[in-house]
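Coordinate inspection notes
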Amino acid sequence: MFRQYQEALIRLFYPAACEICHAMLHLEENILCRDCAGRLDVLSWPMEETLVEERFEHLDHAWALYAYESPLKELLHGVKYAGKDYLLKTCREKMIRLAQAVTSDFWYDAILPIPIDRLKLVKRHFNQAEILAEMIAPWLTPPLRLSLLAKRHSIPSQTALTREERAINVYGAFRLKDPRRVAGGSFLLLDDVLTTGATANEAARLLKHHGAKRVDFLALARTVAPEEKNRILSVALRAPLGRGHCKQCPHAKTV
Ligand SMILES: [Zn+2]
């Protein structure tokens, strides 16, 4: 009770604003106002809908929690370009639930956040994929390995490139710090956004090249094709958790 009074008093003198629409927050709201939090919810897939359907040559399976649309876009923009890493907390619970569903269905030897290059790290002071991984790792069984995968150099912009050109563009962008730990292993790559998939695919290629038997990918959000948008937004938002069916292999998975 004392804590509630204390927080009310702090808000009175230091009012907090929603990080997306800048409306003044009510006492029970945190980081986002109710409207923006609701709009964020609309972008999340029910667990059985979260499989990324595109095929990536070296990835076995991929999942993403949200469509990469507004207001999630603004949220991640704030994380990456305004240094507001705390905004990732708004996605914490749902991301933990999805990661638990993914990792309870299959054994992974490690979770590997996709590294960023040194220049970006100096500019940003953090890697958002690592923050995301550290946020969910305490609730997962597979260990988090922050240093196994490293970025060798930055990747030039991919936007104007074809699928084949993107693969060439990212080729050799990663290196393994200890390749001996990879052979025979299963790994779950983790990143904030899946856009073209070329970066995730290249990391998976390197791991497979060194003998990994399975590489999956989990993203907070992924870009969606315009024709897919309507389907996502019309999907039942609160579908009960149940047995989902993997669209890339014949096995059904409990999610
Ligand atoms: Zn708002």
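See the structure above.
Let me sum up the structure you'll find in this document. (Residues numbered from 1 in each chain as written. Predicted model: local features only at pLDDT ≥ 70, side-chain atom pairs only at ≥ 80, totals over all residues. Heavy atoms only, no water.)

Turning to the overall build of the chain, a few remarks are in order. Helix and strand counts for the chain come out as nine helices and eight strands. Taking as baseline every contact in the chain between residues at least 6 positions apart, the subset at least 24 positions apart corresponds to 72%. (Helix = DSSP H or I, 4+ residues; strand = E, 2+ residues; numbered from the N terminus. Contact = heavy atoms within 4.5 Å.)

This paragraph deals with the environment of Leu65. Mapping Leu65 onto the fold places it in strand E1 (residues 61–67). Taking C-alpha positions, Leu65 is 5.2 Å from Leu220, a pair spaced 155 residues apart along the chain. Residue contacts for Leu65: discarding those within four places in its chain leaves Leu43, Ser44, Trp45, Cys91, Lys94, Met95, Leu98, Ala219 and Leu220.

Glancing now at the coordination of the zinc ion. The zinc ion binds to the protein through Cys18 (SG), Cys21 (SG), Cys33 (SG) and Cys36 (SG); the donor distances cover 2.3 to 2.4 Å. Seen from the zinc ion, its four donor atoms lie at angles of 106 to 116 degrees, and the figure they make is tetrahedral. Written as a sequence motif, the donor arrangement for the zinc ion is C-x2-C-x11-C-x2-C. With Cys21 in the loop between helix H1 (2–13) and helix H2 (34–42) and Cys33 in the loop between H1 and H2, the pair connects residues that are twelve residues apart, well separated along the chain. (Donors = N, O, S within 2.8 Å, 3.2 Å for Na, K, Ca; no water. Tetrahedral: all angles 85-135°; square planar, octahedral: opposite > 155°, others 65-115°.)

Relative to the helices and strands, Leu43 resides in the loop between H2 and E1. Classification of Leu43 by relative accessible area gives buried; the value is 4%. Each C-alpha atom of the pair Leu43 and Tyr66 lies 5.3 Å from the other, and the pair is 23 residues apart in sequence. (Buried < 20%, exposed > 50% of the residue type's maximum accessible area, 1.4 Å probe, protein only.)

Summed over the entire model, instances satisfying the criterion amount to one aromatic pair. Judged by centre distance (5.3 Å) and plane angle (65 degrees), the ring pair of Phe106 and Tyr108 falls under edge-to-face. The positively charged end of Arg92 is found above the aromatic ring belonging to Trp139, 4.7 Å away from the centroid. The cationic tip of Arg214 hangs over the ring face of Phe106; the distance from NZ or CZ to the ring centre is 3.6 Å. (Phe/Tyr/Trp six-rings, centres within 6.5 Å; stacked < 30°, edge-to-face > 60°. Lys NZ or Arg CZ within 6 Å of the ring centre and 35° of its normal.)

Turning our eyes to something else, we now look at unusual backbone geometry. With an omega dihedral of 10 degrees, the bond running from Ser70 to Pro71 counts as a cis peptide bond. Relative to the assigned elements, Pro71 resides in the loop between E1 and helix H3 (72–81). Of note, the phi angle at Ile31 is positive, near 70 degrees, even though the residue is not glycine. Mapped onto the fold, Ile31 is located in the loop between H1 and H2. Accessibility expressed as a relative area gives 14% for Ile31, which makes it buried. In this structure, His125 takes a positive phi of about 70 degrees despite not being glycine. Checked against the element boundaries, His125 lands in the loop between helix H5 (118–124) and helix H6 (128–136). Note on His125: relative accessible area 69%, which makes it exposed.

Turning our attention to the pairing of strand E6 (residues 214–222). Of all nine residues in E6, nine are buried, a share of seventy percent or more. Looking at chain direction, E1 and E6 are connected through six bridges and run parallel. Pairing of Tyr66 across the sheet is with Ala221, part of E6. Here strand E5 (residues 186–194) runs beside E6; their pairing, made up of eight bridges, is parallel. Within E6, the position partnered with Phe187 by the bridge is Val215. Once you follow E5 into helix H8 (residues 198–209) and on to E6, the crossover reads as right-handed. (Pairing = 2+ DSSP bridges. Right-handed = clockwise from strand over helix to strand, strands pointing away.)

With 45 residues, the main nonpolar core has Tyr66, Leu72 and Leu220 as its most contacted residues. Elements represented by at least two residues in this core include exactly H2, E1, H3, helix H4 (92–105), H6, E5 and E6. (Core = buried A, V, L, I, M, F, W, Y, C linked by side-chain atoms within 4.5 Å.)

Another point: the sheet that holds E1. The strands that make up a sheet pair up through hydrogen bonds in the backbone, lying either parallel or antiparallel. Sheet architecture is open: four strands sit in the order E1-E6-E5-E2, paired in parallel fashion. With partners counted over all chains shown, the strands left at the sheet margins are E1 and strand E2 (110–113), one partner each. The mean inter-strand angle of the sheet, taken between neighbouring strand axes irrespective of direction, is 20 degrees. H4 contacts E1, E5 and E6 of the sheet and is inclined by roughly 165 degrees relative to E1. Against the sheet, H8 makes contact with E2, E5 and E6, and its axis sits at roughly 165 degrees relative to E5, the strand it touches most. (Axes fitted to C-alpha atoms, helices over the stretch in contact; angles between N-to-C directions.)

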